[in-house]
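Coordinates in review
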Amino acid sequence: MGISVIVAGGGSGGVSGGASSIGASGGSCCDMSMKCWCRWRWEQQNHYSRFLSPFSSGFIFFLGCFVLYGSIGMFCLWLAFNKSYIHPGCGTGAELSCFGCQEDNEGSWSIGVFYGDSPFSLKPIEAFNVWRNESSAWPVANPIVTCASVSEANFPSNFVADPFLYVQGNTLFLFYETKNSITMQGDIGVARSIDKGASWQQLGIALDEDWHLSYPYVFEYLGQIYMMPESSQKGDLRLYRAIDFPLQWTLEKILIKKPLVDCFIINHNGGYWLFGSDHSGFRAKKNGQLEIWYSNSPLAPWKPHKKNPIHNVDKSMGARNGGRPFVHDGNLYRVGQDCGETYGRRVRIFKVEVLTRDDYKEVEIPLGFEEPKKGRNAWNGARYHHLDVQHLNSGEWIAVMDGDHVPSGDPAWRFILGCASIAAVAAIVVLLGVLLGAVKFIIPLTWCSHYSGKRSDISFVWERSTNFSSKLRKFCSRLNRAPLSLRGKIRPNTWTGRMVLAFLFVVGIALMCSGVKYIYGGNRAEAAYPQNGYYSQFTLLTMTYDARLWNLKLYVRHYSKCSSVKEIVVVWNKGVPPKISELESKVPVRIRVEEWNSLNNRFKEDSFINTRAVLELDDDIMMSCDDIERGFNVWRQHPDRIVGFYPRLISGSPLKYRPEKYARSHKGYNMILTGAAFIDAKLASERYWGEGAKAGRELVDKFFNCEDVLLNYLYANASSSKTVEYVRPAWAIDTSKFSGAAISRNTQEHYRIRSNCLTQFSDMYGSLGGRKWEFDGRKDGWDL
């Protein structure tokens, strides 16, 4: 047929034309596809070049959004960043301490001490009012050993866990796992206490191998002291003997050549029993498997129990050991871990009913331990997974337990959530750009039409089997139509469009703040600060009356979550007091009803307060728990002073009461308002209710004002050195402004009365005008 067409065309021209025709037809597979591809690539590059150009509207829009949202993120970071504990040893020659307490994906475990009449009535050390005046802990509070206390002893540690006690007379030795901040492996540390666990001296590292060590089970056998740490990473179970207790140990023997986890040995019914877990076995459930071995001696060969594994259940059932077993009233009890919600979520106790070479039975019983209520603000608020109980010669029971305020893997989850939040912000920026018309390009709008020329059999089969190119063209076509459709429905120049844009912008701000806080803002805990390696607690006291009940409810709900608050005392001056059940609190609340309405009641002696520190805080002041904890830490350094958050400068002639702005403009202060201040309860009460302060108290009753001013004068009158200390809060809100229930609504009249008080108190106790202290940036909250 081709020939006949050529003939019909006639001559060479016909042949030439036919060849050209054939060439066009036969070469279309290459030429047309190449032209289409080249045009698509050119247009795509042209779109990208226009978009990425520094002068394009899209580039300027994205750059502006990046700067804006970045600035918002930095501002959120400045407001919400969780200040980490700064080791005192840093920069003083003890450089190793600076490496400690790094954020660790395994957690931030620490160790606490508990007492009780039995293993089932354990209460934390702070419940027993153990006082140590020489350490500024009044009373001592858990945790008693942390990564900070170990790091300050020049053994940098990320966390401490798995505590075991060894009792020698009146001396307690504490063996524990410490994760080395440099090698990132577990070592066995040891500390000593001679006051029943109120204070601990760090002795050093008892055992350090080339592999991870934990769970240092220490026991005595035939006059020798042995340690059987978990060393599953090495692949066997090893027994060490003390050659110079407690710091020098030698390998006695390898007991079992299996990677056993968290093992203990107990002498029961004339034989020795070894409990442990082998998670490496076929079908073994991690943290849910338990095995038993038996022997005539801890040093003799061990034989497996006939029913091994005794347990192979869900990890929440407590099969994995969680500490030393104990005997109480003739019964044997095993401690197990509940790892259901997160690793080491809680401790569970099991009563062993049958333990023979042929059978084993146990039943769970309640521990009687009160669950922490303050969440991440409590040192063990998220989990506690190890318990060692010992019966002292005095008849008292003592226990050590580890705890953590964050779940396992918390840093990794925060990073993932933070990145997801920031990615969502980027998507919102793109959407805003599309709606505003700044972003006109997502993908090339011209897409090569479906090629209909000749194709190879392979490409034809691939395209038909996957239908990929067809689906891709449809998806891109819809995607390219989406901006036009959106802009058609949401017009930026209408009220609806502006509301949508504003909503998206606000959502972007929230996501940016969330993302920055998740990545850089810490674990959201407002935990306590240690002083000289120890923690303590204080009583929170406020004075109010019936018209301010809503303030009180908000106040109690918020501050009861603060880590170091032990009790809240409400001084009720007027009206019918509320029921305790009406107040939502994480700590005990006590309402002290007064016979007459007087501001002097604020500093009245209260024999039921069992902490040295009292935070006098008005019920209409709201600030963060972290600010409260910083103030408490400063007071513990200066317990003879009034340490608070509202400074005043009393100066001039005649004396005039002025706001904080005046003190800042004159770069100094000499008074701290006790509406938000830490004081020594006993010391303040003795000074305020002494005979020399009688005239001042009468003036307070006369004006119904100035009780805080009077206390400042009494402190200054009793000492020639500095008597006040200022700590700047990150933020503070006066909630009375929202209710109209403020005690002093008329500011000018309030200041006039106080100016009068200044004059009269100066005549009684001497002027404050000669005193002035500059603001300290470290205590202002900027450098801490």
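Source: prediction; values computed, not measured.

**Observations concerning the overall build of the protein chain**
Check the secondary structure of the protein chain and you find 15 helices and 34 strands. Looking at the protein chain as a whole, 52% of its 784 residues qualify as buried. When contacts within the protein chain are restricted to residue pairs at least 6 apart in sequence, long-range pairs at least 24 apart make up 65% of them. Entry remark: accessible area of the protein chain is about 37,100 Å², with carbon and sulfur atoms responsible for 57%.

**Focus: the state of the cysteines**
Summed over the entire model, instances satisfying the criterion amount to four disulfides. What pairs with Cys562 in a disulfide is Cys625, and their sulfur atoms sit 2.1 Å apart. In this structure, the disulfide formed by Cys562 and Cys625 twists by about -80° around the S-S bond and is classed as left-handed. One end of the pair, Cys562, is in the loop between helix H9 (549–559) and strand S25 (565–572); the other, Cys625, is in helix H10 (residues 625–637), with 63 residues separating them in the sequence. Under the relative-accessibility criterion, Cys562 is labelled buried at 0%. A relative accessible area of 2% places Cys625 in the buried class.

**Quick word on the packing of aromatic side chains**
Counted by the stated rule, this structure contains 36 aromatic pairs. Taken together, a centroid distance of 5.7 Å and an interplanar angle of 75° make the contact between Trp138 and Trp635 edge-to-face. Taken together, the positions of Trp138 in the loop between strand S2 (123–124) and strand S3 (140–141) and Trp635 in helix H10 put the pair 497 residues apart, joining distant regions of the chain. Each member of the aromatic cluster is reached from another via a ring pair, and the members are Phe164, Tyr215, Tyr217, Phe219, Tyr226, Phe264, Phe275 and Tyr360. For Arg612, the ring lying beneath its charged end belongs to Trp138, and the centroid distance is 4.3 Å.

**A short note on the sheet that holds strand S19 (residues 346–355)**
Pairing is antiparallel across the open sheet formed by four strands, whose spatial order is S17-S18-S19-S20. Every interior strand has two partners, whereas the edge strands, strand S17 (326–328) and strand S20 (360–365), have only one. The average angle at which neighbouring strand axes cross in this sheet is 40°, direction not considered. Here S17 pairs with strand S18 (residues 331–338) via three bridges, running antiparallel. Looking at the pairing, Val327 lines up with Leu332 of S18.

**Quick look at the pairing of strand S1 (residues 110–116)**
Moving residue by residue along a regular strand, the side chains alternate between the two faces of the sheet. Burial analysis of S1 places seven of its seven residues in the buried class, the great majority of the element. Side-chain alternation along S1 places Ser110, Gly112, Phe114 and Gly116 on one buried face and Ile111, Val113 and Tyr115 on a second face that is also buried. Inspection of the sheet shows S1 paired to strand S22 (residues 397–404) by seven bridges, in the antiparallel sense. In the sheet register, Phe114 faces S22, and the bridge partner there is Ala399. Note that S1 and S2 share two bridges and pair antiparallel. The residue of S2 that forms the bridge with Phe114 is Pro124.

Basis of the calculations
- Residues numbered from 1 in each chain as written.
- Predicted model: local features only at pLDDT ≥ 70, side-chain atom pairs only at ≥ 80, totals over all residues.
- Heavy atoms only, no water.
- Helix = DSSP H or I, 4+ residues; strand = E, 2+ residues; numbered from the N terminus.
- Buried < 20%, exposed > 50% of the residue type's maximum accessible area, 1.4 Å probe, protein only.
- Contact = heavy atoms within 4.5 Å.
- Areas by Shrake-Rupley, 256 points an atom, 1.4 Å probe, with all protein chains shown as cover.
- Disulfide = S-S within 2.5 Å.
- Phe/Tyr/Trp six-rings, centres within 6.5 Å; stacked < 30°, edge-to-face > 60°.
- Lys NZ or Arg CZ within 6 Å of the ring centre and 35° of its normal.
- Pairing = 2+ DSSP bridges.
- Axes fitted to C-alpha atoms, helices over the stretch in contact; angles between N-to-C directions.

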